[in-house]
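Topology and contacts: notes
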Amino acid sequence: MTHLWVRAEQRPNEERVGLTPEGAAALVKAGIEVTVEESSVRAIPIDGYKAAGCAIAAENLWPKAPSDAIIFGLKELPEDGTPLTHRHIMFGHAYKGQPAGQVLLKRFKAGGGTLYDLEYLVDETGRRVAAFGYWAGFAGAAISLKAWAAQKKGFLCGAVEKYPSKQALLDALKAELPAAERPRAIIIGALGRVGSGAADLCTAMNVPVTKWDMAETASGGPFPEILQHEIFLNCILARPGCPVFVPESAKMAQRALTVIGDIACDPTSDFSPIKVYDRATDWLLPALRVWDSPPLDVMAIDNLPSLLPVESSEDYAKQLLPSLLTLENLNAGVWARAFADFTRHTATL
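The sections below set out a description of the structure shown in this document.

**Remarks on the packing of aromatic side chains**
Summed over the entire model, instances satisfying the criterion amount to 13 aromatic pairs. Aromatic side chains Phe132 and Tyr316 sit 4.0 Å apart centroid to centroid with 5° between the ring planes, which places their arrangement in the stacked category. In this pair, Phe132 is assigned in the loop between strand E6 (114-117) and helix H4 (133-152) and Tyr316 in helix H9 (residues 309-324), connecting sequence segments 184 residues apart. One exposure class covers both Phe132 and Tyr316, and it is buried. With a centroid separation of 6.2 Å and 90° between ring planes, the pair formed by Phe232 and Phe245 is classed as edge-to-face. Here the residue Phe232 occupies a position in strand E9 (residues 231-234), and Phe245 occupies one in the loop between E9 and strand E10 (259-262), the gap between them amounting to 13 residues. Across this residue pair, the class does not change: Phe232 and Phe245 are buried. Aromatic ring contacts, followed pair by pair, group Trp212, Phe223, Phe232 and Phe245 into a single cluster. A cation sits over an aromatic face here: Arg16 above Phe132, 4.3 Å from the ring centre.

**Some details on the nonpolar core**
Ranked by internal contacts, the top residues of the largest apolar core, which has 41 residues, are Leu145, Leu169, Leu201, Met205, Leu233, Ile263 and Leu304. Among the elements of the structure, H4, helix H5 (166-176), strand E7 (185-188), helix H6 (193-204) and E9 are those that each provide at least two residues to this core. Of all the elements, H4 adds the most residues to this core, at twelve residues. Among all residues touching Leu304, those that are not within four sequence positions of it are Ala136, Ala139, Gly140, Ile143, Ile263 and Met299. If you look at the next biggest cluster of nonpolar residues, it comprises 34 residues, including Ile44, Leu74, Ile89 and Leu324.

So, how was this worked out
- Residues numbered from 1 in each chain as written.
- Predicted model: local features only at pLDDT ≥ 70, side-chain atom pairs only at ≥ 80, totals over all residues.
- Heavy atoms only, no water.
- Phe/Tyr/Trp six-rings, centres within 6.5 Å; stacked < 30°, edge-to-face > 60°.
- Helix = DSSP H or I, 4+ residues; strand = E, 2+ residues; numbered from the N terminus.
- Buried < 20%, exposed > 50% of the residue type's maximum accessible area, 1.4 Å probe, protein only.
- Lys NZ or Arg CZ within 6 Å of the ring centre and 35° of its normal.
- Core = buried A, V, L, I, M, F, W, Y, C linked by side-chain atoms within 4.5 Å.
- Contact = heavy atoms within 4.5 Å.

Given below as structure tokens:
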């Protein structure tokens, strides 16, 4: 019997989960054994999983899970260097040359484990079967607007925390924005999930938006139009050949641009299209000041959907469930494609 072990998240400010109690009940009904770890932070209570027929394990017990269990989480594992012996489903952030990702892959190779990277679970056309993109875009645009509002008051954006609901976020943001002034925003990747979420947030806040996608960036740049907007929201998944949207020289250029929301947030990748910063930001310090006069701040939080943990978990889990229901055949479909990616990226380690 296939055994899926849902681990507790160990990263700070991470309350999301990739499986809801309703989804767990569907897996159990399909003959898949499901174990869910207790969690002191998970946004969805454990009682629903108990009622769904799941076994309940202690928090962070996954290293001692049965060897044939498939460990399912979302964000990074503790960076303790231990070999990884299990099969893991998670976001590895390991296939674009990220230094921490290379360390992770070496841990898998040392332990004989396997990574099924959630970012690379794709259908026959190459489209991801599940993504947090919409809520990343929604939350990322919100925090970028917070950064702009803080600039107007002469400050750097202060710490952020989770919101109990989408409406709570909208109400809080509206109270922070100037009553009679709105920035102009440009979204690149506007036709995708991330861009759609960013655009919806801007619309809700009456922020005028220029929407760009592949057609508008096909020339390869440069793109002076970006500098003519107060806010730039990057919503594309960086890949080889991706054009540079904001070069290092933009810091010193004449520009209206004062806030970059790098919602895709992959600053250590060789393919990053934004060259004015080199590290992610976090909930305590959401914006990085990369130039003082005129100011240029970069918002690059890499777990944005966690700001809306319930809604983003429910949305993502619904998208992913059809693939989880096929776990009994890892040699076909999305799992086979993900395994091929893992094999290719570990072959030369």
